[in-house]
Amino acid sequence: MLKDAGFDEVIAEDRTEQFIQALQKDMDVVEKEKDKFISDFSEEDYNNIVGGWKSKLVRSSMGEQRWGLFIAKNRLLYTCSIHLLW
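What counts and what doesn't
- Residues numbered from 1 in each chain as written.
- Predicted model: local features only at pLDDT ≥ 70, side-chain atom pairs only at ≥ 80, totals over all residues.
- Heavy atoms only, no water.
- Axes fitted to C-alpha atoms, helices over the stretch in contact; angles between N-to-C directions.
- Helix = DSSP H or I, 4+ residues; strand = E, 2+ residues; numbered from the N terminus.
- Parallel < 35°, antiparallel > 145°, perpendicular 65-115°, else oblique.
- Left-handed = near helix turned anticlockwise from the far one by under 90°.
- Contact = heavy atoms within 4.5 Å.
- Nonpolar A, V, L, I, M, F, W, Y, C, P; charged D, E, K, R; others polar.
- Expected span 1.5 Å × (residues − 1).
- Buried < 20%, exposed > 50% of the residue type's maximum accessible area, 1.4 Å probe, protein only.
- Arc of directions from axis to C-beta.
- Core = buried A, V, L, I, M, F, W, Y, C linked by side-chain atoms within 4.5 Å.

(A) Main features of the packing of helix 1 (residues 16-32) against helix 3 (residues 43-61). Direction vectors running N to C along helix 1 and helix 3 enclose 155 degrees, while the axes themselves pass 10 Å from each other. On the basis of the axis angle, helix 1 is roughly antiparallel to helix 3. In terms of crossing hand, the pair formed by helix 1 and helix 3 is left-handed. Residues Thr16, Phe19, Ile20, Leu23, Gln24, Asp26, Met27, Val30 and Glu31 of helix 1 lie in contact with helix 3, whose contacting residues are Tyr46, Val50, Trp53, Lys54, Lys56, Leu57, Ser60 and Ser61. Its residues assigned to classes, the contact of helix 1 with helix 3 shows nine nonpolar, four polar and four charged.

This is the structure:
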């Protein structure tokens, strides 16, 4: 896709494991501070965020959701670094 857009020297890296680790770390912090989070926001917000993160962890662990780093160069333009979920 990036080559079709005029980029060359395309590097694609699967960063799903990094995504899973970051998500788990953030979830652990929020779950540990659940009462404070709810007092600052709401229980509905807490449930939506933690539930969404858990769903992403399941999808990522099953290979249904991936996280990638793409670095591409275009000799006429510039170097571009893009993080995408796919």
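(B) Representation of helix 1 in the model. End to end, helix 1 covers 24 Å across 17 residues, agreeing with the expected 24 Å (1.5 Å per residue, within 8%). Residues of helix 1 that are buried: Thr16, Phe19, Ile20, Leu23, Met27 and Val30. Along the axis of helix 1, the buried positions cluster into a sector of 100 degrees, meaning they face one direction only. Looking at helix 1, the residues exposed on the side facing more than 90 degrees away from the buried face are Gln21, Lys25 and Lys32.

(C) Examining helix 3 more closely. Given a rise of 1.5 Å per residue, 19 residues ought to cover 27 Å, and the 27 Å separating the end C-alpha atoms of helix 3 matches this to within 8%. Within the span of helix 3, buried status applies to Tyr46, Val50, Trp53, Leu57 and Ser60. In a view along the axis of helix 3, the buried residues occupy a sector of 90 degrees, so they form one face of it. Of the exposed residues in helix 3, the ones pointing more than 90 degrees away from its buried face are Glu44 and Asn48. Gly63 lies just past helix 3 and shows a positive phi near 85 degrees.

(D) Region of the structure containing unusual backbone geometry. The backbone of Glu9 sits at a positive phi, close to 50 degrees, despite the residue not being glycine. For Glu9, the position within the fold is in strand 1 (residues 8-14).

(E) Fine view of the nonpolar core. Residues Phe19, Ile20, Leu23, Met27, Val30, Phe37, Tyr46, Val50, Trp53, Leu57 and Trp67 constitute the largest nonpolar core, which totals 11 residues. Here the element with the most residues in this core is helix 1; it accounts for five residues. The contacts of Leu23, once residues within four sequence positions are left out, are Trp53, Lys56 and Leu57.

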